Amino acid sequence: MPAREEILGRMKSAGTGRTPKRPVMPALSELALDREQMIQRFTAELSAQTGMVHRAAGKDEILRILTDTAAAEGLKMVVTSGDETVSSLDLESWGLAGGIKVLTAKDL
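Residues numbered from 1 in each chain as written. Predicted model: local features only at pLDDT ≥ 70, side-chain atom pairs only at ≥ 80, totals over all residues. Heavy atoms only, no water.

Caption draft 1: Focus on the overall build of the chain. Summing up its helical and strand segments, the chain has six helices and two strands in all. In sequence order, the chain lays out its α and β elements as α-α-α-α-β-α-α-β. For the chain, the C-alpha radius of gyration of 25 Å lies well beyond 13 Å, the compact-globule estimate for 108 residues. A principal-axis box enclosing the C-alpha atoms of the chain has dimensions of 75 × 35 × 25 Å. Counting over 108 residues, the chain shows a buried share of 12%. For the chain, the proportion of contacts with a sequence separation of at least 24, taken over those separated by at least 6, is 45%. (Helix = DSSP H or I, 4+ residues; strand = E, 2+ residues; numbered from the N terminus. Rg over C-alpha atoms; globule rule 2.2 N^0.38 Å. Buried < 20%, exposed > 50% of the residue type's maximum accessible area, 1.4 Å probe, protein only. Contact = heavy atoms within 4.5 Å.)

Below you can see the structure in the form of structure tokens.
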């Protein structure tokens, strides 16, 4: 049984380190936010970081906002996440129509 004793010896000598502290949980009021409250919070926090948020009612409005933003910024290329929601917008066709190269993150 030397192997057993060796293993037990290693376990005993490994020390009794403390268990790491758990991450701080958000306040319960934050965990109970409804959809609109989460959107408002996201919008406020992104805006504080100089980001912009646009809310759109559907695909046509999304593409119009993208077209307006691309024109205002002079964009020639955009990168998308490529997830299912974004893929359903058919941004490749949108980009071709507007002379904008559309890449996904996996293309980089």
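Caption draft 2: Examining helix α1 (residues 2-13) more closely. With twelve residues, α1 ought to run about 16 Å at 1.5 Å a step, and its terminal C-alpha atoms sit 16 Å apart, in line with that. Within α1, only zero of the twelve residues are buried, which leaves the element largely exposed. (Expected span 1.5 Å × (residues − 1).)

Caption draft 3: Spatial organisation of the confidence of the model for the chain. Model confidence for the chain is summarised by a mean pLDDT of 89, while 97% of its residues fall at 70 or above. Predicted confidence in the chain is weakest over helix α2 (residues 28-31), with a mean pLDDT of 80, and strongest over helix α4 (residues 59-73), with 95. (pLDDT = per-residue confidence, 0-100.)

Caption draft 4: Region of the structure containing helix α6 (residues 91-98). Within the sequence span of α6, burial applies to Leu91, Trp94 and Gly95. In an axial view of α6, the angular spread of the buried residues amounts to 95°, which keeps them on one side of the axis. Opposite the buried face of α6, by more than 90 degrees, sit the exposed residues Leu96 and Ala97. Against α4, β1 (77-80), α5 (84-87) and β2 (101-104) lie the buried residues of α6. Backbone geometry just after α6 places Gly99 at a positive phi near 70°. (Arc of directions from axis to C-beta.)

Caption draft 5: Highlighting the pairing of β1. Only one face of β1 is buried, namely the one carrying Val78 and Thr80, since none of Met77 and Val79 on the opposite face is buried. Where β1 lies against β2, four bridges are found, and the strand directions are parallel. Of the residues in β2, the one forming a bridge with Met77 is Lys101. (Pairing = 2+ DSSP bridges.)

Caption draft 6: Molecular detail of the layout of surface pockets. In this structure, the largest pocket encloses a volume near 700 Å³. Taken together, 22 residues make up the lining of the largest pocket; nearest its centre are His54, Ile62, Ile65, Leu66 and Leu89. Only α3 (35-48), α4, β1, α5 and α6 provide two or more residues apiece to the lining of the largest pocket. No other element matches the five residues that α4 contributes to the lining of the largest pocket. (1 Å grid on protein atoms, 1.4 Å probe; cavity = no way out; pocket = protein on both sides within 12 Å on 5 of 7 lines; lining within 4 Å. Points joined across faces, edges and corners; volume = space filled by probe spheres on them.)

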